[in-house]
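# Structural overview for review
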Amino acid sequence: MRGLVFTEFLEMVEDTFDYDMVDTLIDNTQPKSGGAYTAVGSYDYQELENMVVELSAQSGMAVGDLLQAFGKHLAGVFTQNFAQFFVEAGSALALFREIDRHIHVEVKKLYPDAELPDFKYEDATADTPFKLHYRSERNLYLLAYGLITACFEYYSEPHKVDVKHWQEGSVHCATFEIRPEVSSQVRH
Ligand code: HEM
């Protein structure tokens, strides 16, 4: 996993808690890498998972809430560092359609060792909502959830997101059902 993910995670921990918490996470999880992460390095995903679980134990916050908060934090980084993808897409759903066929493809070209999830989508029909399907060897669908809700905030497009999660062997799968949120309901 890219070092950027680790440095941003620890930055979020420092901003939300303090530097002592960063130290505690590294001391208590004893990462094989030693814990001196750099954005351009590459590290074992398990080290991140261990730190998220430890942060949950230290803070009393649920792992899922921490991952969603981290997703929001990462979205803030991506909108700054990779602004052109957000400008080109112009809307959250257009951005989601581009993750697999464009955005993560470019990420993989820049960083061949990047470990990325698969995203397939189904456009809404008269009877079904827009669906985004996540598959990954890593259990980070709640990170995706945080990224998705942050994208709707970025574009000021209120949406309701429902998620289902299951596992197929070692693969973590999730489907996000996405519906526009209407501020005043028209009744017939
Ligand atoms: C400009 C937009 C984006 C950029 C530049 C980007 C880039 C990246 C990078 C660098 C990683 C780390 C790969 C690694 O550590 O090896 C990553 C992982 C990930 N990305 Fe994206 N991404 C973008 C948009 C999105 C969006 C909109 C979503 C969700 C809807 C998303 C979902 C994820 C998830 C869940 C991971 C974690 C890896 C996993 O679950 O297997 N990304 N992305």
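Predicted model only: the values in this text are computed from it and were never measured. (Residues numbered from 1 in each chain as written. Predicted model: local features only at pLDDT ≥ 70, side-chain atom pairs only at ≥ 80, totals over all residues. Heavy atoms only, no water.)

## What about the coordination of the iron atom of the ligand?
- Coordination of the iron atom of the ligand by the protein involves just one donor, His104 (NE2), at a distance of 2.1 Å.
- Summarising the element assignment, histidine 104 is placed in helix 6 (residues 92-110). (Donors = N, O, S within 2.8 Å, 3.2 Å for Na, K, Ca; no water. Helix = DSSP H or I, 4+ residues; strand = E, 2+ residues; numbered from the N terminus.)

## Some thoughts on the nonpolar core
- Counting 48 residues, the largest nonpolar core has Phe9, Phe96 and Phe176 as its most contacted members.
- When residues in this core are grouped by element, the largest group, eight residues, is from helix 7 (residues 141-154).
- Looking at this core, you find at least three residues from each of domain 1 (3-61) and domain 2 (90-180). (Core = buried A, V, L, I, M, F, W, Y, C linked by side-chain atoms within 4.5 Å. Buried < 20%, exposed > 50% of the residue type's maximum accessible area, 1.4 Å probe, protein only. Domains from an automatic or database assignment.)

## Here's the deal with the domain arrangement of the protein chain
- Each domain of the protein chain was delimited in the assignment, giving domain 1 (3-61) and domain 2 (90-180).
- Summarising the inter-unit geometry, the C-alpha centres of domain 1 and domain 2 are found 24 Å apart.

## Focus: a negative patch on the surface
- On the surface, a cluster of negative charge is made up of Glu11, Glu14, Asp15, Asp18, Asp20, Asp23 and Asp27.
- Listed by contribution, the elements that provide at least two residues to the negative patch are helix 1 (3-16) and helix 2 (19-29).
- By the secondary structure assignment, aspartate 18 is in the loop between helix 1 and helix 2.
- According to the relative accessible area criterion, aspartate 18 is partly exposed, its value standing at 37%. (Patch = residues over 30% accessible without salt bridge, like charges linked within 9 Å, V, L, I, M, F, W, Y side chains within 5 Å. Areas by Shrake-Rupley, 256 points an atom, 1.4 Å probe, with all protein chains shown as cover. Salt bridge = Lys/Arg side-chain N within 4 Å of Asp/Glu carboxyl O. Lys, Arg positive; Asp, Glu negative; His and termini not counted. Charge placed at Lys NZ, Arg CZ, Asp CG, Glu CD.)

## Let's talk about the site of the ligand
- Surrounding the ligand, one finds 25 residues, the nearest of these being Arg2, His104, Glu115, Tyr134 and Ser136.
- One of the backbone N or O atoms of arginine 2 is found 2.6 Å from an oxygen atom in the ligand.
- The contact in question runs from an oxygen atom of the ligand to an N or O atom on the side chain of serine 136, over 2.6 Å.
- Comparing atom positions with the cavity grids shows the ligand to sit within the largest pocket.
- When contributions to the shell around the ligand are tallied by element, the ones reaching two or more residues are helix 5 (83-89), helix 6, strand 2 (130-136) and helix 7.
- Grouping the constituent residues of the shell around the ligand by class yields 20 nonpolar, two polar and three charged. (Near = heavy atom within 4 Å. Polar contact = N/O pair within 3.5 Å; in protein donor to acceptor, adjacent residues only side chain to side chain. 1 Å grid on protein atoms, 1.4 Å probe; cavity = no way out; pocket = protein on both sides within 12 Å on 5 of 7 lines; lining within 4 Å. Sits in = over half its atoms within 2 Å of the grid points. Nonpolar A, V, L, I, M, F, W, Y, C, P; charged D, E, K, R; others polar.)

## Notes on the pattern of salt bridges
- Tallied over the full model, the rule gives 13 salt bridges.
- In this structure, lysine 109 engages glutamate 106 in a salt bridge whose closest nitrogen and oxygen atoms are separated by 3.0 Å. Within this pair, lysine 109 and its partner glutamate 106 are both found in helix 6, separated by three residues, close to a single helical turn.
- Here lysine 109 falls in the exposed class, since its relative accessible area comes to 58%.
- Among the salt bridges present, the one from aspartate 162 reaches lysine 160, with a minimum N-O distance of 3.1 Å.
- Look at aspartate 162 and you get partly exposed, because its relative accessible area is 31%.
- One salt-bridge network, in which partners are shared between bridges, spans Lys160, Asp162, Lys164, Glu177 and Arg179.

## Some words on the side chain of threonine 175
- When you line up the elements, threonine 175 lands in strand 4 (residues 171-180).
- Ignoring anything within four residues of it in the chain, the contact list for threonine 175 reads Lys131, Leu132, His133, Asp162, Val163, Lys164 and Trp166. (Contact = heavy atoms within 4.5 Å.)

## Things to note about the sheet that holds strand 1 (residues 118-122)
- Spatially, 1-2-4-3 is the arrangement adopted by the four strands of the open sheet, whose pairing is antiparallel. Each edge of the open sheet is held by one strand with a lone partner, namely strand 1 and strand 3 (159-168). Averaged over all neighbouring strand pairs, the angle between strand axes comes to 20°, with direction disregarded.
- Of the pairings in the sheet, the one linking strand 2 to strand 4 comprises seven bridges and is antiparallel in character. Its bridge partner lying in strand 4, arginine 135 is registered against cysteine 173.
- Where helix 6 meets the sheet, it contacts strand 1, strand 2 and strand 4, and its direction lies at approximately 140° from that of strand 1.
- Sheet strands in contact with helix 7 are strand 1, strand 2, strand 3 and strand 4, and its direction is about 165° off that of strand 3. (Pairing = 2+ DSSP bridges. Axes fitted to C-alpha atoms, helices over the stretch in contact; angles between N-to-C directions.)

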